[in-house]
Amino acid sequence: MSSNFGPKHFAAAAHYSINGTGTPAFYGNFNCSSVTDNSTGKQTANLTNALANNDFSVGACSGESATISGFGSDTPKGTNSIAHRTNNSAGSATDSPNLDGIVMGVIT
């Protein structure tokens, strides 16, 4: 291991669990200040502390068996928020009561 790495390089920079139905709200989170409802099937977790750069990865899922979960960030890729998208099996946007994500990267 290089001496350039410390504990902040090996822990999650953020994680969230969101109820995406109605008015979205966190079940729990780390390093997230708020959740924004952009439209049906599109919620954004806003970060309390920004990521140091756009070299980060996100793992996301939905707890609903009939939904397909995805994630992304603003284009170009931003460091202040993570956009979460859910679609039903027909490909239409749908809200889900269980949205979970973990962000791996370096926070500032």
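Per chain, residues are indexed from 1 in the order of the written sequence. Only residues with pLDDT of at least 70 get local features here, since the model is predicted, and only at 80 or more are side-chain atom pairs given and counted; chain-wide, interface and lining totals rely on the full set of residues. Excluding hydrogens and water, the side-chain values take into account all heavy atoms of the structure.

**Q** Outline the overall build of the protein, supporting the account with residue identities and numerical values.
**A** Comment: elements are numbered from the N terminus, with helices defined as DSSP H or I runs of at least four residues and strands as E runs of at least two. When helices and strands are counted, the protein shows 0 helices and 8 strands. For the protein, the α and β elements follow one another from N to C terminus as β-β-β-β-β-β-β-β. Scored against the burial criterion, the 108 residues of the protein give a buried share of 31%. Pairs of residues are marked as contacts when any of their non-hydrogen atoms sit within 4.5 Å. Counting only contacts in the protein whose residues sit at least 6 apart along the sequence, the fraction spanning at least 24 positions is 54%. Three labels apply to residues, based on accessible area from a 1.4 Å probe with only protein chains included: buried if under 20% of the type maximum, exposed if over 50%, partly exposed otherwise in between.

**Q** Summarise the pairing of strand β2 (residues 25-30); cite the residues concerned and give the values.
**A** Here, a strand pair is defined by DSSP locating no fewer than two bridges between the strands. The pairing of strand β1 (residues 12-19) with β2 spans 5 bridges and is classified as antiparallel. Looking at the pairing, His15 lines up with Phe30 of β2.

**Q** Outline the nonpolar core, supporting the account with residue identities and numerical values.
**A** Across soluble globular proteins, nonpolar side chains show a tendency to be buried alongside one another. The nonpolar core is taken to be a set of buried Ala, Val, Leu, Ile, Met, Phe, Trp, Tyr and Cys residues, with the residues joined through side-chain atoms within 4.5 Å. Counting 14 residues, the largest nonpolar core has Tyr16, Ile18, Cys32, Leu51, Phe56, Ile82 and Val103 as the members making the most contacts within it. Counting residues per element, this core draws most heavily on β1, which supplies 4 residues.

**Q** Now, about the sheet that holds strand β8 (residues 99-104): what can you tell me, with residues and values included?
**A** Taken in spatial order, the 4 strands make up an open sheet running β2-β1-β8-β5, and their pairing is antiparallel. Each end of this open sheet is capped by a strand with a single partner; those strands are β2 and β5 (57-62). Strand after strand, the sheet turns through a mean of 10 degrees between neighbouring axes, direction not considered. Axis lines are fitted through C-alpha atoms, for helices just across the contact stretch, and the angle between N-to-C directions can take any value from 0 to 180 degrees.

**Q** Tell me about the environment of Asn98, and please be specific about residues and values.
**A** Relative to the elements of secondary structure, Asn98 occurs in the loop between β7 (81-88) and β8. In this structure the C-alpha to C-alpha distance between Asn98 and Gly20, which are 78 residues apart in sequence, comes to 6.6 Å.

**Q** Lay out the confidence of the model for the protein with the relevant residues and their values.
**A** A residue's pLDDT is the predictor's confidence in that residue, given on a scale from 0 to 100. Summing up the model confidence of the protein, the mean pLDDT is 82 and the portion of residues at 70 or higher is 78%. When mean pLDDT is compared element by element in the protein, β2 scores highest at 96, while strand β6 (residues 67-72) scores lowest at 59.

**Q** Outline the pairing of β1, supporting the account with residue identities and numerical values.
**A** Here 6 bridges tie β1 to β8, and the two strands are oriented antiparallel to one another. Paired with Ser17 across the strands is Asp100, a residue of β8. If you look at the hairpin formed by β1 and β2, you'll find 5 residues sitting between the two strands, and Gly22 has a positive phi there, around 60 degrees.

**Q** Help me get a handle on the environment of Lys77, residues and values and all.
**A** Structurally, Lys77 is set in the loop between β6 and β7. Taking C-alpha positions, Lys77 is 6.4 Å from Asn54, a pair spaced 23 residues apart along the chain. Ignoring anything within four residues of it in the chain, the contact list for Lys77 reads Asn54 and Phe56.

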